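Summary of structural features
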Amino acid sequence: MRLRALIRRLAVPAAAASLAVTGLALPAQADTSDISFPLVFLSTPETVTVIDGQSKTVKFDVYNYGSAAENVVVTFGTKAKPIAADLGFVAPEGCTDGVCKLGDMSAGERRNLTFTLKPDTTSTTNLSTSFPVSATVDGEESDETSVGVVRSAKGGIDLETGDLKDISLSRTGFTKLNAEFRNTGNVDVDNIALVFAAQDALTIKAKYRNCQTESESEDGYGAVYVFCLLNDGMAPGGKYAVSSDTPVTLGVSATAAGPYKYAGIVGAIALTAKSATEFRKQIAGATGSDLELTTLQSGFTVDLDEKDDLNPEDNTSLFYVSVPKSSADSAAVGAVFKGEAGDISSVKVGARNLGPTAVVPLSTTWMQTVQVRIPSDLKVTAIDDMCLPGTSLDDIDYEDYTSLSGRDYVCIVLDPMAKGGKEVFSFSAEILEGDHDAGYVTVDGGVQDGNSANDRAELTVQASEDEATLPITGAPAGMIAAGGAALLVAGFVAFRMARRRRIITIAG
């Protein structure tokens with residue numbers, strides 16, 4: 001569907017993973033021996049357009065991607081660049097003199113805040129300006145950004161979607177997506193598409209004649225989209241909600257991995273007449289009822305020829321769905337280097353997921369790894385781009401992370417393994433003369449893996465068809481300690497991954 005291109009800037013096909021990579025790739029701000037620290041960031045719009053004579057409420061989020069944060073403070077303006085009085089700035093509720101004391105934020109917590117702008121229309125100095133916003137943790141700066149303000153004399157379309165709270169769902173539970181929508185512009189909008197999107201570990205049900213469902217997958221992270229073309233428009237000043245007679249429900253897939261927070265989005269988009277016509281052709285002949293809106297507040301009627309939304313950032317609302325712990329049995333995949341002395345042999349080792357659910361995606365607190373120990377008397381000639389030398393993520397030689405002189409390597413499972421999925425890594429080595437003591441492959445299955453018996457597999461050398469080295473037997477090796485070290489190593493991993501794949505990131 002071509003309409004999907006219209007919401008790529010709005011929907012988040014891999015939101016949670018993207019947020020994790022964004023946070024992980026940041027430089028460490030603490031001692032590398034204990035990289036457990038808060039990461040508080042601001043998600044503010046780059047620019048806010050305000051229609052002359054009207055006030056504009058601006059929503060933004062404060063995220064803590066790291067460990068627990070104490071004494072979080074958000075400040076608007078600085079001594080060097082205060083917010084001009086003629087912008088009509090009103091700080092979020094509970095804040096004093098542009099300073100918001102949020103207190104403590106737990107790991108992974110998100111706070112929704114709003115401020116209001118109503119520029120003085122008689123001023124000639126506030127036609128286009130900006131002001132800084134910063135966040136500190138216990139007095140130390142954590143993030144700083146800038147919000148631009150632009151006045152519009154003509155006005156236009158300005159659709160908004162109300163905030164949705166983060167929720168928790170079991171695998172048998174579901175919830176209604178009771179989003180509210182506003183048209184805070186001064187233009188009637190006739191052709192509106194509602195968008196409901198989520199990572200594919202979640203399910204969305206909206207089986208209505210005027211809705212279509214799509215799904216896609218990108219590097220192991222999938223998404224489901226529901227597009228609904230409304231029969232009625234939104235008048236300026238109007239406030240609306242999905243009718244209780246035609247609910248849209250959100251649930252959790254039976255194979256969804258947990259514990260994890262998955263991302264979802266609800267939004268409203270003003271379509272061009274051409275896009276709306278295309279959509280209507282696609283649903284022509286469909287039967288059943290239509291998804292409808294309920295009017296919560298009546299608007300007024302005007303007629304201006306304007307199609308672009310003045311503030312597209314607030315067309316959507318992002319929310320997270322916490323899913324409880326599930327089981328996923330990660331099993332190591334071993335291999336055999338075959339050949340005579342002097343030969344270069346290649347193998348693929350890694351892990352498979354035996355289920356019954358998927359493995360949780362990487363986050364700021366954990367990423368799945370595979371430890372590889374090469375058999376003795378081999379000269380490693382090439383390793384997979386997703387692997388680094390070391391016995392664990394705490395044991396990477398960051399000064400010489402391209403070295404191939406050792407026997408121990410750690411590989412990152414970037415894409416979450418679905419039930420029955422497999423992830424392998426390539427290694428090549430020259431077989432030397434010697435005894436070829438066996439190596440091994442060990443997978444870290446995290447908290448989901450309750451079966452340690454298959455966490456380790458053999459990695460051996462077979463010098464001829466009749467002779468093979470004896471495998472190492474016994475209890476599996478200990479789990480790889482990812483923990484806080486994942487924060488530091490991911491920067492190196494991301495650099496190497498860029499050579500072979502695109503990393504998705506979230507804007508704002």
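Refer to the structure presented above.
First, a word on what this report is: a plain description of the structure on this page. Note that the coordinates shown come from a computational prediction; the quantities given were computed from them, not determined experimentally.

The rules behind these values
- The residue numbering used here restarts from 1 in each chain and proceeds along that chain's sequence as written.
- In keeping with the predicted nature of the model, local features appear solely for residues at pLDDT of at least 70, side-chain atom pairs appear and are counted solely at 80 or more, and the whole-chain, interface and lining totals rest on all residues.
- Side-chain calculation: all heavy atoms of the structure are included, whereas hydrogens and water are not.
- Defined by distance alone, a disulfide is two cysteine sulfur atoms within 2.5 Å.
- Helix numbers and strand numbers start at the N terminus; a helix is a DSSP run of H or I with at least 4 residues, a strand a run of E with at least 2.
- Remark: exposure states derive from per-residue accessible area (1.4 Å probe, protein chains only) relative to the maximum for the residue type, with buried under 20%, exposed over 50%, and partly exposed in between.
- We define a salt bridge as a side-chain nitrogen of Lys or Arg found within 4 Å of a carboxyl oxygen belonging to Asp or Glu.

1. Quick notes on the state of the cysteines
Taken as a whole and assessed by the stated rule, the structure comprises three disulfides. Disulfide pairing places Cys211 opposite Cys228 at an S-S distance of 2.0 Å. Taking the torsion about the S-S bond as the criterion, the Cys211 to Cys228 disulfide, at about 110°, is right-handed. Note that Cys211 is positioned in strand β15 (residues 211-218) and Cys228 in strand β16 (residues 221-229), a separation of 17 residues in sequence. Assessed through its relative accessible area of 0%, Cys228 is described here as buried.

2. Let's talk about the pattern of salt bridges
Counting across every chain of the model gives 11 salt bridges. Here Lys56 makes a salt bridge to Asp314, at a shortest N to O gap of 2.7 Å. In this pair, Lys56 is assigned in strand β3 (residues 56-64) and Asp314 in the loop between β20 (293-297) and β21 (316-323), connecting sequence segments 258 residues apart. Between Asp408 and Arg373 there is a salt bridge whose closest N-O contact spans 2.8 Å. With Asp408 in strand β28 (residues 408-412) and Arg373 in strand β25 (residues 369-373), the pair connects residues that are 35 residues apart, well separated along the chain. One network of salt bridges, with partners in common, ties together Lys56, Asp158, Glu160 and Asp314.

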